[in-house]
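Residue-level structural notes
What follows is the residue order along each chain.
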Amino acid sequence: MSPRRRRTRPAGDPSQHPSRAQYPARREGGGLSAAPRRSGAPPGRHPGQRGPAPQRSAPPRPAPRRCPAPGSAMPLLSVPKEVAVGTAMLGVAFATGMLAGKLYPSLVFGSQSGMIRKNNPLRQYILDHSLREHPILKKLRLLTADHPSGRMMVSCEQAQLMANLVKLIKAKKVIEIGVFTGYNALNMALVLPDNGRVIACDINEDYAKIGKPLWKEAGVEHKIDLRIKPAIQTLDELVANGEAETFDFAFIDADKESYNEYYEKCLRLIKKGGIIAIDNVFWNGKVLKPRKDDLAAQSIHRLNEKLLRDARVNISMLPVGDGVTLAFKL
């Protein structure tokens, strides 16, 4: 007998691959798609399966989304109305500031060092609309401006701020480290009571001679105690004389390498609630990247970092003049 020949099927016949034909194919999403089955097999059961067909439960259908009725408002966030309005206003202000900064950077931010330059029309506007300068102060300012080293003078709007602070805290005893021609000393002396005094520390009497006649003309010469010697020596003498924590205000604007020492000694002399004003804390922007050979910029930068973490004081760094930090003794 010849061997039984196996019947061949077309390649496309699904019954040739029982694994594909017996089981329903899965469709994308996890459902079941209709699969070819052998004729005679009821739906839901495999060919050759005996007994009742297993019950298959359909997957739950997601609830349809309901659109809001026409004219009704869709809730965005469950926050109070005031918070939403305030947030929107802050966003508008931020965007406006960014746009203004890009369009007019010199007017909004001043120079790269953070200052408003003297030839900036915005600075002139500030002076025209805020400066209340005593006639003798103006005379001294113009005299100082003609001096070869006139650029060392504190800005007039900054000096006015110092005088306003002295008056605000009702100061009687003030220290100034770095007098130059005495513009700032005169400004503060003008607002001190008649029994008040300014301990004015400097090592160059030639500069002070420019301002001394005007101190007398303004009637405040008796309030300014000019001491021509190193400021460290004067401050040590004040402490030795028992004047620690008896001063109300101090202004530091001398050699920058000694700023930290001036600050520490002034902190001993200033009473609680008193103010120490530290000038030139920007140093023409050089504090951003102090060079290794720039000892002044390094010294100011170190003090700026120290003040940020000094728990003995509260501080405010202001973009006035070349930058001034106000330290309020706690």
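The preceding data block contains the structure.
The structure reproduced in this document is the subject of the present report. Every chain is numbered independently, its residues counted from 1 as its sequence is written. The model is predicted, so local features are restricted to residues of pLDDT at least 70 and side-chain atom pairs to those at 80 or more, both for listing and for counting; the totals for chains, interfaces and linings are taken over all residues. With hydrogens and water stripped out, all remaining heavy atoms of the structure feed into the side-chain values.

1. Let's talk about the packing of helix α4 (residues 121–130) against helix α6 (residues 156–168)
Comment: axis = line fitted to C-alpha atoms, over the contacting stretch for helices; angle = value between 0 and 180 degrees taken between N-to-C directions. Each helix is a run of DSSP H or I of at least 4 residues and each strand a run of E of at least 2, with the numbering of both proceeding from the N terminus. At a minimum axis distance of 10 Å, the contact between α4 and α6 shows a crossing angle of 40 degrees. With respect to α6, the element α4 is oriented oblique. Taken as a pair, α4 and α6 cross one another with a handedness that is left-handed. Residues Arg-123, Leu-127 and Ser-130 of α4 form the contact with α6, whose own contacting residues are Cys-156, Glu-157 and Gln-160. Broken down by class, the residue content of the contact of α4 with α6 amounts to two nonpolar, two polar and two charged. Here is the rule for angles: anything less than 35 degrees is roughly parallel, anything more than 145 is roughly antiparallel, 65 through 115 is roughly perpendicular, and the remaining ranges are oblique. Crossings are sorted by hand: turned counterclockwise from the far helix by less than a right angle, the near helix makes the crossing left-handed, and turned clockwise it makes it right-handed. Throughout, a residue-residue contact means that at least one pair of heavy atoms, one from each residue, lies within 4.5 Å. Polar here means any residue outside two lists: the nonpolar Ala, Val, Leu, Ile, Met, Phe, Trp, Tyr, Cys and Pro, and the charged Asp, Glu, Lys and Arg; Gly therefore counts as polar.

2. Observations concerning the environment of Glu-245
Within the element layout of this structure, Glu-245 appears in the loop between α9 (231–240) and β4 (247–252). Its relative accessible area of 46% is what places Glu-245 among the partly exposed residues. C-alpha separation for the pair Glu-245 and Ile-270, spaced 25 residues apart in sequence, amounts to 4.6 Å. A simple rule labels every residue: compare its accessible area, found with a 1.4 Å probe on the protein chains alone, to the largest value its type can have, and call it buried under 20%, exposed over 50%, or partly exposed in between.

3. Topic: the state of the cysteines
Disulfides are defined as cysteine sulfur pairs within 2.5 Å. Within this structure, the stated rule accounts for zero disulfides. Cys-266 provides the cysteine sulfur closest to Cys-201, a residue in no disulfide bond, and the two sulfurs are 7.9 Å apart.

4. Examining the pattern of salt bridges
Pairs can form between side chains of opposite charge whenever their charged atoms are close. What makes a salt bridge here is a side-chain nitrogen of Lys or Arg within 4 Å of a carboxyl oxygen of Asp or Glu, nothing more. Overall, the coordinates contain 15 salt bridges when judged by the stated rule. Across the pair Arg-227 and Asp-225 runs a salt bridge, and its minimum N-O distance is 3.0 Å. The exposure class of Arg-227 is buried, given its relative accessible area of 18%. Put simply, Lys-329 and Glu-245 hold a salt bridge, and the shortest N to O gap is 3.4 Å. A residue pair is termed long-range when its members are at least 10 positions apart, and Lys-329 in strand β7 (residues 324–329) and Glu-245 in the loop between α9 and β4 qualify at 84 residues. Through salt bridges that share partners, Glu-264, Lys-306, Asp-310 and Arg-312 make up one connected network.

5. A short note on the nonpolar core
Counting 36 residues, the largest nonpolar core has Met-162, Val-174, Tyr-183 and Phe-249 as the members making the most contacts within it. Residues in contact with Met-162, not counting those within four places in the same chain, are Asn-184, Phe-249, Phe-251, Ala-277, Val-324 and Leu-326. Definition used in this section: a nonpolar core is a set of buried Ala, Val, Leu, Ile, Met, Phe, Trp, Tyr and Cys residues joined via side-chain atoms within 4.5 Å. Ile-232, Phe-282, Val-313 and Ala-327 belong to the second largest nonpolar core, which has 28 residues in total.

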